[in-house]
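Here are the chains, one letter per residue:
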Amino acid sequence: MSDFSGPGLYIHVPFCTHICPYCDFSVLTGDRAWQARYLQHLLMEIELLTDSGWPDRGPEPPRQPFDTIYFGGGTPSMLQPEHLESILEAVRARLPVRTDAWLFLEANPEDVTLATAATWRQMGFRTISLGVQSFASDNLAFLGRQHSPRIARRSLEVAIAAGFDTVAMDLIYGLPDQTPTDWQRDLDEALAAGPHHLSCYQLTVHPRTPFGFRRQRGELEEMGNDEQSDLFVLTHRHLQEAGLPGYEVSNFAAGPEHRSLHNQKYWSHTPYLGLGPSAHSFAGHHRWWNARKIKAWMAPLGEGRLPIESSEQLGLQSLVLESLMLGLRTYAGVDFDALPGGTGQGLWEENEAAIDRLVESGLATVEGSCLRPTLRGLAVADTLARSLDLGSLREEPR
Ligand code: SF4
């Protein structure tokens, strides 16, 4: 496979037919007229970028062209194929994009038909990611999803038959009262459908969502940490045995060629540019993000300005902490020799005792300059990086 180490492009499509009660993304139930306005403004946003594809007065643009284009949301499969086509045309005409850039499309199962799948393939989409979430009707009803288990199965069959290089599926676990047997049944249904990639996310109840309000009123009780942790371990062991080994806390692939080329950029601090409401971008030490609400995103575009809401310049300490946190969520772990600013060797020496403790407690292993989480370590990945002391690093932005 060619080298996909260049920057990635993310396009946020903020529409859904129905808002799920656990969702905290920037989404709305927009009709065709809203979608047309969105498209018009997205094309303006693309037009306002410089020839390098990055904002003027932003960071030094990366030299390589974009090699992934990811349509996420929201529900990108709700957009008319002509709309997706116009976005791709504008991106290719205006931004440096490799001719063999890998195209990703997130789709809801109910949008996948023989006709739509064939059209998306013809447009060059190589990965389709289906928001299945569960194969159990009661779980789908609880999660407020609009499709049935039958439609979920059918969407998988159609996507596989359409010849996408990677057919990926999202599932959610850790629902209240879900037993390991229930979850394993869901996983087995997913495996029977033959996807190349699975993302299994633990249900998170965010404040200011319908689930968050139900929790506040005492009507929804989240699964306890021990039960969550048991399901996490079950997921990784079961999928490993079934031939879809994990490569990140929530991601599993039938082979390295099916791992998400786009999402791996987020985990390795590879530059990425995000377009559309709420989209985030990153390059070098610089992170910036667009206005979250669609109207706040459209308003500056209407005045000929990019809809950037805010930005931050990361200091060395923040950058290294992020590298550790992101790396320790992956099976590959963190190579200290590759840490930003050549800080790895010094950090390793300063944290020798802490690293020994992680190894002795069975949370990580050491191989050369790499610190790798074990399965038990992955279950508490976010605390691993925080157990290391980065106090000697300067925080000032560089
Ligand atoms: S389909 Fe996804 S993005 Fe849309 S409301 Fe549901 S969880 Fe949110």
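For the structure, see preceding data.
Residues numbered from 1 in each chain as written. Predicted model: local features only at pLDDT ≥ 70, side-chain atom pairs only at ≥ 80, totals over all residues. Heavy atoms only, no water.

Caption draft 1: Structural context of the site of the ligand. Lining the immediate surroundings of the ligand are C16, H18, I19, C20, Y22, C23, F25, V27, G74 and R145. Looking at the shell around the ligand residue by residue, the class counts come to 7 nonpolar, 2 polar and 1 charged. (Near = heavy atom within 4 Å. Nonpolar A, V, L, I, M, F, W, Y, C, P; charged D, E, K, R; others polar.)

Caption draft 2: Inspection of the packing of aromatic side chains at higher detail. If you walk through the whole model with that rule in mind, you get 15 aromatic pairs. A ring pair is formed by F71 and F125, whose centres lie 5.5 Å apart and whose planes are at 70°; its orientation type is edge-to-face. A residue pair is termed long-range when its members are at least 10 positions apart, and F71 in strand β2 (residues 66-73) and F125 in strand β4 (residues 125-133) qualify at 54 residues. Exposure remark for F71: the relative accessible area of 0% places this residue in the buried category. Seen from their ring centres, Y173 and W183 are 4.8 Å apart, and the 15° between their planes marks the pair as stacked. Taken together, the residues Y173 in strand β5 (residues 166-173) and W183 in helix α6 (residues 180-192) connect sequence positions 10 residues apart. Three or more aromatic residues joined by ring pairs form one cluster here, namely Y10, Y70 and F104. (Phe/Tyr/Trp six-rings, centres within 6.5 Å; stacked < 30°, edge-to-face > 60°. Helix = DSSP H or I, 4+ residues; strand = E, 2+ residues; numbered from the N terminus. Buried < 20%, exposed > 50% of the residue type's maximum accessible area, 1.4 Å probe, protein only.)

Caption draft 3: Spatial organisation of the pairing of strand β3 (residues 97-107). Examined bridge by bridge, β2 and β3 share 5 bridges and lie parallel to one another. Note on β3: the bridge partner recorded for I69 is L103. Between the parallel pair β2 and β3, the chain is carried across by helix α2 (residues 81-94), and the sense of this crossover is right-handed. The sheet contact formed by β3 and β4 spans 5 bridges and is parallel. Bridge assignment links L103 to a residue of β4, and that residue is F125. (Pairing = 2+ DSSP bridges. Right-handed = clockwise from strand over helix to strand, strands pointing away.)

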